[in-house]
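Coordinates in review
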Amino acid sequence: MTLMPPDAFLKMTYALGLPERDYIIIGEGNTSCRIDSDSFWIKASGQQMHNIAPEGFTAVQFAPILAMLDNPPQTLTEQNAIMKAAQLDSSARLPSVEVSFHAMLLAEGEPYGLRYVGHTHPTAINQILCGDMAETFARNRLFPDEVVLCGPESPLVPYVDPGLPLALAIREQWRAYIAQYGEPPKLLLLANHGLIALGTTPGEVLNVTAMAVKAARTFVGALSIGKPVFMSREDILHIYKRPDEIYRRAGFV
């Protein structure tokens, strides 16, 4: 039997790619999901998310990709050869250039139940991440449901070249966040680039992405008429750890 990506994962990818949502255009963005402890699905390079077919994904082994992060290849040609050899089906399309950060996040997110990743470039988010207020947006929260779904803050990854350099920069920020909060972030922001949402289910990835976009629009709107008034750290951490909000958050996944 031919291995095919799960339907719920396909639907998540379609939803993130819908033109009316303005999360991505043309061939932007990529998604991934865990198959098992050894492999995962990822969008193939050059595929458009809103109409991608099952054949537009490729299954990749974790081990060779993760090894590149600890021992980076000297050349792009060598890196591409490793990516090709890591595919379960050598006749499938090449994986996205971002395969390394997807492998890292899925592998290190496994103990926390994270199985799905959605990477997009929403205009509402990028209008902030391409300006000098990106750090302010990432480190603060404006309203309770932003805290509930997106966490008490978001790691902001400085701009680096997409591919392996970006994966290494993401890993550094990801691990620092876990060291501080004892759990991984559900939302990472990439300066001059876009966002990454993680979830235990496809629905959680969609919800985190949607809430991040709402927060971005709210932030820009507040700036347009004055100054944003952020929640205090005390209130943020209170909301994030409230038992009823934890229960409510579980219902969103």
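As a starting point, this report considers the structure included with it. (Residues numbered from 1 in each chain as written. Predicted model: local features only at pLDDT ≥ 70, side-chain atom pairs only at ≥ 80, totals over all residues. Heavy atoms only, no water.)

1. Some remarks on the overall build of the protein chain
The number of helices and strands found in the protein chain is 11 helices and seven strands. Dimensions of the protein chain, computed from the C-alpha atoms along their principal axes, are close to 55 × 35 × 35 Å. Looking at the 253 residues of the protein chain, the share that counts as buried comes to 50%. For the protein chain, restricting intrachain contacts to residue pairs at least 6 apart in sequence, the fraction spanning at least 24 positions comes to 68%. Surface summary for the protein chain: the accessible area is close to 11300 Å², and the carbon and sulfur share equals 56%. Taking the average location of the 20 positive side-chain charges in the protein chain and that of its 26 negative ones, the two points are 4 Å from each other. (Helix = DSSP H or I, 4+ residues; strand = E, 2+ residues; numbered from the N terminus. Buried < 20%, exposed > 50% of the residue type's maximum accessible area, 1.4 Å probe, protein only. Contact = heavy atoms within 4.5 Å. Areas by Shrake-Rupley, 256 points an atom, 1.4 Å probe, with all protein chains shown as cover. Lys, Arg positive; Asp, Glu negative; His and termini not counted. Charge placed at Lys NZ, Arg CZ, Asp CG, Glu CD.)

2. Focus on the nonpolar core
Counting residues in hydrophobic clusters, the biggest one holds 38 residues, and the most contacted among them are Ile125, Phe137 and Leu189. Counting only elements with at least two residues in this core, the list comes to α1 (7-17), β3 (57-61), α5 (123-129), α6 (134-139), α7 (144-150), β6 (187-190), β7 (194-199) and α9 (202-225). For this core, the element with the most residues is α9, which contributes eight residues. Excluding residues within four positions of it along the chain, Phe137 makes contact with Ile125, Ile128, Glu146, Leu189, Ala212, Ala215, Ala216 and Phe219. (Core = buried A, V, L, I, M, F, W, Y, C linked by side-chain atoms within 4.5 Å.)

3. Let's talk about the environment of Lys186
On the secondary structure map, Lys186 appears in the loop between α8 (164-181) and β6. Relative accessible area serves as the criterion here: at 21%, Lys186 is assigned to the partly exposed category. Sequence-wise, Lys186 and Lys214 are 28 residues apart; in three dimensions their C-alpha atoms are separated by 16 Å. Not counting residues within four places of it along the chain, the set of residues in contact with Lys186 comprises Leu114, Leu149, Ile196, Ala197, Leu198, Glu204 and Val208.

4. Some thoughts on the pattern of salt bridges
When the charged atoms of two side chains with opposite charge come close together, those side chains can pair. Per the counting criterion, the structure on display carries nine salt bridges. Here Arg139 ties to Glu135 by a salt bridge, and the two come within 2.8 Å at their closest N and O atoms. With Arg139 and Glu135 both in helix α6 and four residues apart, this pair spans about one turn of that helix. By relative accessible area, Arg139 is classed as partly exposed at 26%. Glu153 is the partner of Arg233 in a salt bridge, and the nearest nitrogen-oxygen pair spans 3.9 Å. Placement of Arg233 in helix α10 (residues 233-241) and of Glu153 in the loop between α7 and β5 (156-157) is noted, with a sequence separation of 80 residues between them. Three or more residues are tied together by salt bridges with common partners; here these are Glu135, Arg139, Glu153 and Arg233. (Salt bridge = Lys/Arg side-chain N within 4 Å of Asp/Glu carboxyl O.)

5. Examining the side chain of His193
By the element assignment, His193 lies in the loop between β6 and β7. Polar contacts involving the side chain of His193 include one to the side chain of His121, which spans 3.4 Å. (Polar contact = N/O pair within 3.5 Å; in protein donor to acceptor, adjacent residues only side chain to side chain.)

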